[in-house]
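# Coordinate inspection notes
Chain residues, written in single-letter form:
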Amino acid sequence: MARVPIRLYGDPVLRRQSEPVETVGDDTMELIQSLMETVDHAAGLGLAAPQIGVTKRVIVVVHIDGEGRRQHLALINPEIVSACGEEIGEEGCLSIPGIYSNVKRPESVVVQGLDAEGSEISIEAKGVMARAFLHEIDHLDGVMFVDKIGMVKRSLLKRKLNEIRKRSKEITKSPL
Ligand SMILES: [Zn+2]
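Structural notes, computed from the coordinates. (Residues numbered from 1 in each chain as written. Predicted model: local features only at pLDDT ≥ 70, side-chain atom pairs only at ≥ 80, totals over all residues. Heavy atoms only, no water.)

## Examining the overall build of the chain
Test applied: Secondary structure is summarised from DSSP: a helix means a run of H or I of at least four residues, a strand means a run of E of at least two, and numbering begins at the N terminus for each. The size measure is the radius of gyration over C-alpha atoms, and the globule rule it meets is 2.2 Å times the number of residues to the 0.38 power. Note on exposure labels: buried denotes an accessible area under 20% of the residue type's maximum, exposed denotes more than 50%, and partly exposed covers the range between, all computed with a 1.4 Å probe on protein chains only.
Along the chain, the regular secondary structure elements total four helices and seven strands. Across the chain, helices and strands are ordered from the amino to the carboxyl terminus as α-β-β-β-β-β-β-β-α-α-α. Relative to a compact globule of 176 residues, whose C-alpha radius of gyration would be 16 Å, the chain shows 16 Å and is just as compact. When the backbone C-alpha atoms are referred to their principal axes, the chain occupies close to 45 × 40 × 35 Å. Looking at the chain residue by residue over its 176 residues, the buried ones come to 45%.

Right, dumping it as structure tokens:
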């Protein structure tokens, strides 16, 4: 399993509730590898398994370090254990290309889950990173950022969203 097509807004898989990973095994490693390759190819900052057609609770968030290198944080069965503050920031999504909008989110979060080796980890994230974790975890519950913007703004985006919905039907079903 390498790079796979990203499912677009309108694809029913993006609205499903993802299942927790019971045992971290080779298939989980392969899934994480695919998420990393796919998010890098798309130059995105995060990707959740349903976006490549797999309804498992696995996400990858990309951290860009001081030297501009992309570092991946993979989390299995991620959960928000605490959230603090409030911040409005612009968001986009690889499944909704070309659409950006402000979304209100907590300013900082503590996320827990398993890393790629299956060990429990806890990550404290602020600002853009907190936003990335919240955005990707939403995907595991079938929630997309356009669900969180106002009705007026959403109606302005309706035509663009419908165009993406049409394109989503043309995406080849991945062989997973
Ligand atoms: Zn997204």
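## Points about the coordination of the zinc ion
Rules: Each metal site lists N, O and S donors within 2.8 Å (3.2 Å for Na, K and Ca). With water left out of the atoms, a site can look as if it is missing ligands.
Coordination of the zinc ion by the protein is provided by C93 (SG), H135 (NE2) and H139 (NE2), with metal-donor distances spanning 2.0 to 2.2 Å. Along the chain, the residues donating to the zinc ion fall in the pattern C-x41-H-x3-H. Of this pair, C93 sits in the loop between β4 (87–91) and β5 (101–105) while H135 sits in helix α2 (residues 127–140), and the two are 42 residues apart along the sequence. As far as burial versus exposure is concerned, C93 and H135 are alike and both buried.

## Details of a nonpolar patch on the surface
Here is the rule: Here a patch means residues that are over 30% exposed by relative accessible area and free of salt bridges, tied together within 9 Å if like-charged and within 5 Å if nonpolar (Val, Leu, Ile, Met, Phe, Trp, Tyr). Method for areas: the Shrake-Rupley scheme with a 1.4 Å probe, in which residue coverage is limited to the protein chains shown. Salt bridge, as used here: a side-chain nitrogen of Lys or Arg that lies within 4 Å of a carboxyl oxygen of Asp or Glu.
Among the surface-exposed residues, L45, I64 and V128 lie close enough to one another that they form a single nonpolar patch of about 270 Å² accessible area. Looking at the secondary structure, you find V128 in helix α2. The exposure class assigned to V128 is exposed, which follows from its relative accessible area of 60%.

## Re the nonpolar core
How we decide: Put simply, buried Ala, Val, Leu, Ile, Met, Phe, Trp, Tyr and Cys residues joined by side-chain atoms within 4.5 Å make one nonpolar core.
With 19 residues, the main nonpolar core has L31, I32, L35, I52, V58 and V60 as its most contacted residues. Every element with two or more residues in this core is listed here: α1 (26–41), β2 (58–64) and β3 (70–84). Of the residues forming this core, the biggest block, five residues, is contributed by α1.

## Structural notes on the layout of surface pockets
With a probe scaled to a water molecule rolled over the atoms, the places where space remains empty come into view. Counted only if it meets this: Using a 1 Å grid laid over the protein atoms alone, points where a 1.4 Å probe fits but cannot get out form a cavity; open sets with protein on both sides within 12 Å along at least 5 of 7 lines form a pocket; any residue with an atom within 4 Å of a point counts as lining. Grid points are joined across faces, edges and corners, and a volume is the space filled by probe spheres set on the points. Three classes are used, and their members are as follows: Ala, Val, Leu, Ile, Met, Phe, Trp, Tyr, Cys and Pro are nonpolar, Asp, Glu, Lys and Arg are charged, and the others, Gly among them, are polar.
Reported here for the largest pocket is a volume of approximately 460 Å³. Together, 26 residues line the largest pocket, and L45, E90, E91, G92 and C93 are the ones closest to its centre. Of all elements in the fold, only β4 and α2 reach the threshold of two or more residues within the lining of the largest pocket. Ranked by residue count, the leading element in the lining of the largest pocket is α2, at seven residues. Per-class residue counts for the lining of the largest pocket are 12 nonpolar, nine polar and five charged.

## What about helix α4 (residues 158–168)?
Selection criterion: Note: the arc covers the axis-to-C-beta directions of the helix. Note on contacts: a residue pair is in contact if any heavy atoms of the two residues lie within 4.5 Å.
Within α4, burial applies to L161, I164 and S168. Down the axis of α4, the smallest arc covering the buried residues is 60°, so these residues share one side. Those residues of α4 that are exposed and angled more than 90 degrees off the buried face are R159 and K166. On its buried face, α4 is in contact with α3 (151–156).

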